[in-house]
Amino acid sequence: GAGVSQSPRYKVAKRGQDVALRCDPISGHVSLFWYQQALGQGPEFLTYFQNEAQLDKSGLPSDRFFAERPEGSVSTLKIQRTQQEDSAVYLCASSQRPQGQNQPQHFGDGTRLSIL
Amino acid sequence: EDKVVQSPLSLVVHEGDTVTLNCSYEVTNFRSLLWYKQEKKAPTFLFMLTSSGIEKKSGRLSSILDKKELFSILNITATQTGDSAIYLCAGGSSYGKLTFGQGTILTVHP
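In this text the structure is predicted, and so the values were computed from the model without any measurement.

S.K.: I'd like a description of the nonpolar core, backed by residues and values.
M.R.: One finds Y25, L33, W35, Y87 and L106 of chain B to be the most contacted residues of the largest nonpolar core, which totals 21 residues. Among the secondary structure elements, those contributing two or more residues to this core are strand 3 (19-26), strand 4 (30-38), strand 5 (44-49), strand 7 (61-66), strand 8 (71-76), strand 9 (85-93) and strand 11 (104-109) of chain B. Per-element accounting of this core gives the leading share, four residues, to strand 3 of chain B. When residues no more than four places from it in sequence are discounted, the contact partners of Y25 of chain B are K3, V4, F30, L33, L65, D66, K67, L70 and F71 of chain B. Membership of the second largest hydrophobic core comes to 20 residues, among which are V19, C23, L46 and C92 of chain A.

Now the structure itself:
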């Protein structure tokens, strides 16, 4: 596609429910990143994939957060047993080459998650 | 821990004014400094800077990096109401992740 596509745009869930957020990166992009953006703050890094390999998951806040990219294209971020502090915008970004090569990351519109 | 600090946090100007947004960074294994513009949706890429002292320009926007002082500025001349947005600065490490500042909220009044 022309840009990074994320779905759903908005997700409302009750505390304790599991949610799954989808990211479809720019076609052919090797690198994929997930960020969490709380209201009034800049995005914070969650995890990084190079193709299907998850090379860095240091930003995942707890073991309730899990991400995968099984075929090296579409990625899913799953949050289990959601809590109110998980409410945020979840942004996905992709870049053309493996990281370590200076290049910009291109962002999707994000999924706004609200936990009631 | 990596840190990026932006100032001011918010700025209100009138059309035609010139603004300067500031960004200081402490990023381990620093490789690049990026600026993004965020309106209601995705942050859109503006500039990536890797070398000190080389100004990058795009229309009315320009940016420069000082790797000795760990500092970057974003200038916008002859501001327009369409420039109203949050401007995000991010430090990129050799490991790939971006560390973002809190952002500067720019409001341009007609």
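S.K.: Report on the sheet that holds strand 7 of chain B, specifying residues and quantitative values.
M.R.: Residue and element names in this part refer to chain B. With antiparallel pairing, the five strands of this open sheet are ordered in space as 1-3-8-7-6. The strands lining the two open edges of the sheet, one partner per strand, are strand 1 (3-7) and strand 6 (56-58). Strand after strand, the sheet turns through a mean of 15 degrees between neighbouring axes, direction not considered. Here five bridges tie strand 1 to strand 3, and the two strands are oriented antiparallel to one another. For S7, the partnering residue across the bridge sits in strand 3 and is N22.

S.K.: Lay out the state of the cysteines with the relevant residues and their values.
M.R.: Overall, the coordinates contain two disulfides over all chains when judged by the stated rule. A sulfur-sulfur distance of 1.9 Å marks the disulfide that ties C23 of chain A to C92 of chain A. On the sign convention where negative means left-handed, the S-S torsion of about -65 degrees between C23 of chain A and C92 of chain A marks this disulfide as left-handed. Within this pair, whereas C23 of chain A is found in strand 3 (residues 19-24), its partner C92 of chain A is found in strand 9 (residues 88-95), the two being separated by 69 residues in sequence. Of the two residues, C23 of chain A and C92 of chain A, both sit in the buried class. Here C23 of chain B pairs with C89 of chain B through a disulfide, and the sulfurs are 1.8 Å apart. Given an S-S torsion of about -65 degrees, the disulfide between C23 of chain B and C89 of chain B has left-handed geometry. With C23 of chain B in strand 3 and C89 of chain B in strand 9, this pair connects stretches of sequence that are 66 residues apart. Its relative accessible area of 0% is what places C89 of chain B among the buried residues.

S.K.: Can you break down the sheet that holds strand 1 (residues 5-7) of chain A residue by residue, with the values?
M.R.: Residues and elements named next belong to chain A. One open sheet accounts for four strands, arranged 1-3-8-7; its pairing is antiparallel. The open sheet is flanked by strand 1 and strand 7 (65-68), the only strands paired with a single partner. With direction set aside, neighbouring strand axes in the sheet form an average angle of 15 degrees. Pairing between strand 3 and strand 8 (residues 75-79): five bridges, direction antiparallel. By the bridge assignment, C23 is partnered in strand 8 with S75.

Parameters at a glance
- Residues numbered from 1 in each chain as written.
- Chains lettered and ligands numbered in written order.
- Predicted model: local features only at pLDDT ≥ 70, side-chain atom pairs only at ≥ 80, totals over all residues.
- Heavy atoms only, no water.
- Core = buried A, V, L, I, M, F, W, Y, C linked by side-chain atoms within 4.5 Å.
- Buried < 20%, exposed > 50% of the residue type's maximum accessible area, 1.4 Å probe, protein only.
- Helix = DSSP H or I, 4+ residues; strand = E, 2+ residues; numbered from the N terminus.
- Contact = heavy atoms within 4.5 Å.
- Pairing = 2+ DSSP bridges.
- Axes fitted to C-alpha atoms, helices over the stretch in contact; angles between N-to-C directions.
- Disulfide = S-S within 2.5 Å.

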